[in-house]
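Secondary and tertiary structure notes
Listed below are the residues making up each chain.
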Amino acid sequence: MRIQRVSSKWAKTKVILQNRLLAIFIPETRKYSLAALNELLETYGTVYIKPDRGTYGNGVMRAEQRMVNLSPSGQQPVNGDYGTGSSEAAVEQKIMYILRHGLEAEAFSTTEELHNALKPKIRGRSYLIQQGIDLLRHADRPFDLRVLTQKRPDGGWETTGMLGRVAAPQKIVTNYHNGGSVFTVNALFKEHMSPAEMASTLQSLKSLGVKIAMQLETAYPGLKEIGLDIALDQHHDVWLLEVNTLPSIIAFKLIHDKSVYRKIHRYAVAYGRLKRRKTAVSRR
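Residues numbered from 1 in each chain as written. Predicted model: local features only at pLDDT ≥ 70, side-chain atom pairs only at ≥ 80, totals over all residues. Heavy atoms only, no water.

Before going further, it helps to spend a moment on the overall build of the protein. Helix and strand counts for the protein stand at 7 helices and 12 strands. Expressed as a percentage of the 284 residues in the protein, the buried residues total 49%. Considering only contacts within the protein whose residues lie at least 6 apart along the sequence, 60% involve residues at least 24 apart. By element, 50% of the accessible surface of the protein is carried by carbon and sulfur atoms, the whole surface being about 15,000 Å². (Helix = DSSP H or I, 4+ residues; strand = E, 2+ residues; numbered from the N terminus. Buried < 20%, exposed > 50% of the residue type's maximum accessible area, 1.4 Å probe, protein only. Contact = heavy atoms within 4.5 Å. Areas by Shrake-Rupley, 256 points an atom, 1.4 Å probe, with all protein chains shown as cover.)

So, on to empty space enclosed by the protein. Taken as a whole, this structure holds 1 cavity of 30 Å³ or more when the rule is applied. By volume, the largest cavity amounts to about 60 Å³. Along the walls of the largest cavity sit Lys9, Lys12, Thr13, Ile16, Ile26, Thr29, Gln130, Leu240, Leu241, Glu242 and Val243, which together make up its complete lining. Secondary structure elements with two or more residues in the lining of the largest cavity: helix H1 (9-17) and strand E12 (238-244). (1 Å grid on protein atoms, 1.4 Å probe; cavity = no way out; pocket = protein on both sides within 12 Å on 5 of 7 lines; lining within 4 Å. Points joined across faces, edges and corners; volume = space filled by probe spheres on them.)

Moving on, we come to the pattern of salt bridges. Throughout the structure, instances matching the rule amount to 16 salt bridges. One salt bridge connects Arg100 with Glu64, and the closest N-O pair in it is separated by 2.8 Å. Here Arg100 is found in strand E4 (residues 92-101), whereas its partner Glu64 is found in strand E3 (residues 61-70), with 36 residues between them in sequence. Ionic contacts of the salt-bridge type, sharing partners, join the residues Arg62, Glu64, Arg66 and Arg100 into one network. (Salt bridge = Lys/Arg side-chain N within 4 Å of Asp/Glu carboxyl O.)

With that settled, the discussion passes to the sheet that holds strand E2 (residues 46-51). In spatial order, the strands read E1-E6-E2-E3-E4-E5; together these 6 strands make up an open sheet with antiparallel pairing. For this open sheet the edge positions go to strand E1 (29-31) and strand E5 (104-108), each flanked by a neighbour on one side alone. The average undirected angle you get between the axes of adjacent strands in this sheet is 30°. Across 5 bridges, the pairing between E4 and E5 is antiparallel. Along E5, the bridge assignment pairs Ile98 with Ala107. Packing against the sheet, helix H4 (residues 111-122) makes contact with E2, E3, E4, E5 and strand E6 (127-131), and its axis sits at approximately 10° to E4. (Pairing = 2+ DSSP bridges. Axes fitted to C-alpha atoms, helices over the stretch in contact; angles between N-to-C directions.)

The subject of this paragraph is the layout of surface pockets. Considering only enclosed or pocket space, the second largest pocket measures out at about 530 Å³ in volume. In terms of lining residues, the second largest pocket is bounded by 23 residues, among which Arg62, Arg100, Arg137, Pro142 and Lys171 are the most central. Broken down by secondary-structure element, the contributors of at least two residues to the lining of the second largest pocket are E2, E3, E5 and strand E8 (141-151). Considered class by class, the residues forming the lining of the second largest pocket number 10 nonpolar, 4 polar and 9 charged. (Nonpolar A, V, L, I, M, F, W, Y, C, P; charged D, E, K, R; others polar.)

This part is about the side chain of Glu158. By the secondary structure assignment, Glu158 is in strand E9 (residues 157-166). Side chain to side chain, Glu158 and Lys263 meet in a polar contact 2.8 Å long. A distance of 2.8 Å separates the side chain of Glu158 from the side chain of Tyr267, its partner in a polar contact. When near neighbours in sequence (up to four residues on either side) are disregarded, Glu158 contacts Leu148, Thr149, Gln150, Arg152, Val210, Lys263 and Tyr267. (Polar contact = N/O pair within 3.5 Å; in protein donor to acceptor, adjacent residues only side chain to side chain.)

Checked against the element boundaries, Phe108 lands in strand E5. By relative accessible area, which is 11% here, Phe108 ends up buried.

Moving on: the packing of helix H3 (residues 34-44) against H4. For the pair H3 and H4, the least separation of the axes is 10 Å and the interaxial angle reads 125°. By the angle between their axes, H3 is oblique relative to H4. Considering only the axes of H3 and H4, their crossing is right-handed. Packed against H3, whose contacting residues are Leu34, Leu37, Asn38 and Leu41, the element H4 presents Thr111, Glu112, Leu114, His115 and Leu118 at the interface. Looking at the contact of H3 with H4, its residues break down into 5 nonpolar, 3 polar and 1 charged. (Parallel < 35°, antiparallel > 145°, perpendicular 65-115°, else oblique. Left-handed = near helix turned anticlockwise from the far one by under 90°.)

Note that predicted coordinates carrying low pLDDT should not be read in detail. In this model, the protein carries an average pLDDT of 90, and 89% of its residues clear a pLDDT of 70 or more. In this model residues 280-284 is a low-confidence stretch, pLDDT under 50, and it forms 0 contacts with partners more than four residues away in sequence or in other chains. (pLDDT = per-residue confidence, 0-100.)

The next subject is the pairing of E8. Where burial is concerned, most of E8 is hidden: 10 out of the 11 residues are buried. Two elements, strand E7 (residues 137-138) and E8, share 2 bridges in a ladder whose sense is antiparallel. By the bridge assignment for E8, Arg137 is matched with Pro142. Taking the residues that link successive antiparallel strands as the turn, the E7-E8 hairpin has 2 residues, and the phi of Ala139 there is positive, at about 55°. Relative to E9, E8 runs antiparallel, the two sharing 9 bridges. Its bridge partner lying in E9, Val147 is registered against Met162. The antiparallel hairpin formed by E8 and E9 contains 5 residues in its connecting segment, where Gly155 sits at a positive phi of about 100°.

Structure representation (structure tokens):
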């Protein structure tokens with residue numbers, strides 16, 4: 001059977017939301033609109049706006065509702081500093097809306113202005129808007145996790161790999177293909193967790209990968225592999241940002257424990273994604 005791929009993030013999200021035990025892991029996510037932009041910014045302060053179909057973090061933008069200080073002349077903060085820090089000249093506070101994409105940041109006075117700035121970037125394509133999660137950080141840079149779950153040769157699901165992705169400086173996405181750095185999950189967790197909490201969280205993530213795969217399989221029976229993008233917030237709560245049904249496996253080659261990639265490769269060969277490595281034939 002051909003490996004099934006599902007490109008729509010929204011389609012996959014709706015299937016997961018049908019399971020109330022898994023729905024709790026998904027940040028509030030909607031189809032993008034001005035109304036959704038207003039409501040989610042008012043509720044969460046930060047949102048991510050991303051294409052319904054896309055990979056490697058391409059096209060992802062972040063919008064923030066921030067209280068900023070204005071100078072007596074009404075000028076916005078300079079040097080891209082949209083924080084809430086005070087200065088002697090600051091006399092007025094005002095809500096501003098900050099749009100970040102790539103390495104750029106723009107400020108707007110209203111959500112309507114922000115929405116109008118988003119239109120040419122969206123260009124009529126289907127986009128989603130999602131509750132922003134305050135990610136754990138490493139060296140003052142946010143990180144998330146990629147959890148890889150694959151079909152075993154016997155037909156069951158197994159979580160075969162996990163790695164951490166630390167965002168490049170000033171970037172809002174963590175993807176390896178977008179400049180992010182790859183770390184082992186243990187290296188990132190040990191800065192924030194006790195050994196007992198780390199072990200419990202790792203086991204929970206492995207289990208979550210299998211449960212999400214089984215739920216998606218109810219709608220897409222040809223699935224053979226999924227990559228879960230997982231965020232942990234400041235309370236160490238787990239959030240499922242999205243699921244990729246054509247997950248990149250190249251970053252797992254960078255992990256020191258080579259047995260991880262060997263298993264990933266073996267399973268991928270078994271269900272037909274990769275070709276079996278040719279073995280050298282000795283001449284007599």
